[in-house]
Amino acid sequence: MKFFTWLRNLLLLIAATIAHLNASADDGYRLWLKYDRIRNEATRTAYSNSFRYIAISGSSDILNNAAKELQTGLTAMTGKEIPVVKAPVKNQNGIILTISAGDDASGDGYSIQMQGANTVISAAKDAGVLYGSFALLRHLQQHLPVEKAAGQSSPKIQLRMLNHWDNPEGTIERGYAGGSLWKWYELPETVDPRYTDYARANASIGINGTVVNNVNASARFLTAEYLHKVAALAGVFRKYGIKTYLSIHFAAPKTLGGLKTSDPLDPEVRKWWTEKTKEIYSIIPDFGGFLVKANSEGEPGPQDYGRTHADGANMLAEALAPFKGVVIWRAFVYKADPKADRFKAAYEEFVPLDGKFAKNVIVQVKNGPIDFQPREPFSPLFGNMPQTPLGIEFQLTQEYLGFATHWVYEAPIFKECLDADTYVKGKGSTVARIVDGSLHDYPLTCMAGVANTGSDRNWTGNPMAQANWYAFGRFAWDHTLTAEAIAQEWTQLSLTTETKSVATISNMMLRSRDIYVDYNTPLGLSRPWTGSHYAPEPWQNRSSRPDWTAIYYHRADSLGLGFDRTADGSNALAQYRPEVRRTWDNAETCPLPYLFWFHHIPWSKKLSSGRNLWDELCHRFYTGADSVLWMQKQWAAVKTSIDPDIHADITGRLIKQHKEAIWWRDAWLLYLQTFSKQPIPAIYPKPERTLEEVKNTVNIYLMR
Ligand code: BDP
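Predicted model only: the values in this text are computed from it and were never measured.

Procedures and definitions
- Residues numbered from 1 in each chain as written.
- Predicted model: local features only at pLDDT ≥ 70, side-chain atom pairs only at ≥ 80, totals over all residues.
- Heavy atoms only, no water.
- Domains from an automatic or database assignment.
- Contact = heavy atoms within 4.5 Å.
- Buried area = accessible area lost by both parts, 1.4 Å probe.
- Salt bridge = Lys/Arg side-chain N within 4 Å of Asp/Glu carboxyl O.
- Polar contact = N/O pair within 3.5 Å; in protein donor to acceptor, adjacent residues only side chain to side chain.
- Nonpolar A, V, L, I, M, F, W, Y, C, P; charged D, E, K, R; others polar.
- Disulfide = S-S within 2.5 Å.
- Pairing = 2+ DSSP bridges.
- Helix = DSSP H or I, 4+ residues; strand = E, 2+ residues; numbered from the N terminus.
- Axes fitted to C-alpha atoms, helices over the stretch in contact; angles between N-to-C directions.
- Buried < 20%, exposed > 50% of the residue type's maximum accessible area, 1.4 Å probe, protein only.
- Arc of directions from axis to C-beta.
- Near = heavy atom within 4 Å.
- Areas by Shrake-Rupley, 256 points an atom, 1.4 Å probe, with all protein chains shown as cover.
- Expected span 1.5 Å × (residues − 1).
- Parallel < 35°, antiparallel > 145°, perpendicular 65-115°, else oblique.
- Left-handed = near helix turned anticlockwise from the far one by under 90°.
- pLDDT = per-residue confidence, 0-100.
- Phe/Tyr/Trp six-rings, centres within 6.5 Å; stacked < 30°, edge-to-face > 60°.
- Right-handed = clockwise from strand over helix to strand, strands pointing away.

Regarding the domain arrangement of the chain
In terms of domain boundaries, the chain breaks down into domain 1 (2-153), domain 2 (159-479) and domain 3 (517-563 + 600-702). If you average the C-alpha positions of domain 1 and of domain 2, the two centres end up 33 Å apart. Counting residues at the interface gives 18 residues for domain 1 and 23 residues for domain 2. Summed over both sides, the interface of domain 1 with domain 2 buries roughly 2000 Å², with 56% coming from carbon and sulfur. Broken down residue by residue, the surface that domain 1 buries against domain 2 is led by Y29, W32 and Y131, which jointly contribute 36%. In this structure, the connection of domain 1 to domain 2 is made through 3 salt bridges. E69 serves as the salt-bridge partner of R200, at 2.7 Å between the closest nitrogen and oxygen. The interface formed by domain 1 and domain 2 contains 11 residue pairs in polar contact (both at pLDDT 80 or more). For the side of domain 1 that touches domain 2, the residue count by class is 10 nonpolar, 3 polar and 5 charged.

As for the state of the cysteines
With the rule as written, the count across this model stands at 0 disulfides. Of all cysteine sulfurs, the one in C417 lies closest to C446, which takes part in no disulfide; the gap is 14 Å. Looking at C590, it has no disulfide partner, and the nearest cysteine sulfur is the one in C417, 17 Å off.

Some thoughts on the sheet that holds strand β1 (residues 54-56)
The strand order across the open sheet formed by 6 strands is β2-β1-β3-β5-β4-β6, and the pairing between neighbours is mixed. Single-partner strands in this sheet number two, and they are β2 (84-85) and β6 (151-153). Across 3 bridges, the pairing between β1 and strand β3 (residues 95-99) is parallel. Across the sheet, the residue bridging to A55 is I96, located in β3. Helix α3 (residues 61-78) rests against β1, β2, β3 and β5 (118-123) of the sheet, and its axis sits at about 165 degrees to β3.

Regarding helix α2 (residues 41-50)
Note that an α-helix has 3.6 residues per turn; residues three or four places apart therefore point the same way. Among the residues making up α2, those that are buried are T43, R44, Y47, S48 and S50. Down the axis of α2, the smallest arc covering the buried residues is 165 degrees, so these residues share one side. Facing away from the buried side of α2 by more than 90 degrees, the exposed set consists of E41 and A42. As for α2, its buried residues are in contact with α3 and α4 (126-141).

Considering the site of the ligand
The environment of the ligand is formed by 14 residues, the closest being E173, K293, R330, D371 and E399. The side chain of E173 places a nitrogen or oxygen atom 2.2 Å from an oxygen atom of the ligand. Here the ligand, which alone exposes 320 Å², has 97% of that area covered by the protein. Split into classes, the residues belonging to the shell around the ligand amount to 4 nonpolar, 2 polar and 8 charged.

So, helix α6 (residues 224-237)
The terminal C-alpha atoms of α6, which comprises 14 residues, lie 20 Å apart, in line with the 20 Å expected from a rise of 1.5 Å per residue. A large share of α6 lies buried, amounting to 11 of its 14 residues.

With respect to the packing of helix α5 (residues 194-204) against α6
It is the contact of α5 with α6, at a shortest axis distance of 9 Å, that shows an interaxial angle of 50 degrees. In terms of axis orientation, α5 runs oblique to α6. As α5 packs across α6, the resulting crossing turns out to be right-handed. In this structure, α5 contributes Y195, T196, Y198 and A199 to the contact, and α6 contributes L233, V236 and F237. When its residues are assigned to classes, the contact of α5 with α6 shows 6 nonpolar, 1 polar and no charged.

Observations regarding the confidence of the model for the chain
Across the chain, the average pLDDT comes to 95, with 96% of residues at or above 70. Between residues 15-24, whose pLDDT stays under 50, and residues either more than four places distant or in other chains, the model counts 5 contacts.

Topic: the packing of aromatic side chains
Scanning all chains against the criterion turns up 50 aromatic pairs. Plain terms: the ring middles of W32 and W469 are 5.1 Å apart, the flat faces sit at 80 degrees to each other, and that makes the pair edge-to-face. Remark: W469 occurs in helix α13 (residues 466-477) and W32 occurs in the loop between α1 (2-24) and α2; sequence separation between them is 437 residues. Overall, W32 belongs to the buried group, its relative accessible area being 1%.

With respect to the side chain of H599
Take H599: it is sitting in the loop between α18 (595-598) and β16 (601-602). With a relative accessible area of 5%, H599 lands in the buried category. A polar contact of 2.6 Å, which involves the side chain of H599, links it to the backbone oxygen of W584. Leaving out residues up to four positions away in the same chain, H599 has contacts with L561, G562, F563, D564, T566, W584, D585, N586, A587 and C590.

Side note on the pairing of strand β9 (residues 243-248)
With 5 of 6 residues buried, β9 lies mostly within the body of the structure. Here 3 bridges tie strand β8 (residues 209-211) to β9, and the two strands are oriented parallel to one another. Along β9, the bridge assignment pairs V211 with Y245. Read as a crossover between parallel neighbours, the route from β8 over α6 to β9 is right-handed.

Written out as structure tokens, the structure is:
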């Protein structure tokens, strides 16, 4: 008996060790493409019976990669080798990959059909078959019945792109997950296999374009040496249906070409770009085009020569047109004018240019009018340039969202903007319908995400931030999906399929953004930072430009708080349609999340919540910081369903997040209290430091 107990314990120990080793093999590298062995035997058997082979009719790199992915995924999930063959095998169930002329002009759409015992994935182009294959794998990773995979899907947006803000020396502007993925120093001779995994991850969520370098672009990328490095990356990406683009330095004709000017109307300059573009296409035949940040934050541009954004964009468009390349011209512009409201700048510069851009130009607009703040109203450019294709730019990297430390699921930010109604053609004129081209019949459509990837083993630093990359791709494909559905899907693919844990985690994801907003920038506050975009500095009042101080944005004074953008103030609200304006321009009815975006509110004003302004601020900051404790508890509750290393990683980050939430809360409240002159309500514990002490911690943080 004793012996048997001993033996049983030993066996249990061995089993636990194996389970642990298996589990802790998860370092996050595999993202949502884990393909873990399915534990439920019935599901596993059903899958291996349904998929005994993968047949490809036709041949191309992309089709081969689709088959390879299915083979890898299914073999890992079922534990049975699945061969890739040239033709369907009689009397056996399998997957058939096939190209068939469909009605989806882009070729990216696919259908999955059950034909007899076979699962047929077909599309007009091989990229569509690849997307269909990933869709099937996504379905099976959620352990759903095979036949439920049947259906059709086409992307709503043509260009679904990542924008990498990567520099030639390997750093990333606003990157929080290590250095650049691109090893410029060893390219093109050495091609890291990780580039393939990057391409797989993107293709799995439908991303079909990538801009590999920073919008604050180095002209170095246009040298032959760098073009060959970029070509090596493009060589990997194209096998997954991804086109490569470059950010360009507008003054390159001068800096690189040795010309006297970079004036877009100068014939020599135009010739230089034409030649350079030809050279690029001779090296990268399927090159996508240029992304341009011009006359913004000190970058050169056409205005340096008295020309317009359209002049600049059209010059490049002309050079790219013979190759079907596109110009993606960013609308992120604002001048150092102390009297102006930065909110209004992009509209003022771009709306007069509507209709003046060449056919192969898209103007890329950030979701909000300022700059990727935790909560912004939608940019008033949407709807106001009916004759110019407008793309949308979201930021995945958490520049203003707590870097890689804080857990913020961004899908609600994307969705809030996409679902916002501009009313430009009556009710239902959502930003999504502008961006997908359906409202104004745009011939080109684009959704871009500023990438949050880096050289960290788990790609995104914070493992939860993988969800933001994932959600972006899923929305770019189909903006009608919900943030909730994507959270559940991602959790199942990436963390656990245990039902209760999926519900707990996706609920945390959905609440995470509002929690962050509450302790960071509640009620429509914005930009309490200067250079760091992290350490709280709401008191910051000195800079080379007024709009680079914190006080410019919150406008706290002895009377109240917030930026008056009504007709009595900067009148930025006039840039929106009356239906939109109406919801925002009355301080009594303006939804609280947008209050300080549009109004300067007296400290003792009673709000719709029943609290006065100061008490509401205290309530938000305290509840926000306390809610991180709630997150910690929820996370502790899912421990047994999550890989131990990933669980420990997030646990650590949540501890830090709580400390910093208190830091931000204290900084804001102690600073604002110098204006409000009101006490923090007795129900809340008093901050354990003085304003001077918080300022000191910030000074230390900012020390070089
Ligand atoms: C701001 C970033 C800056 C970027 C800029 C941009 O702080 O690093 O260069 O956006 O989008 O948010 O061009």
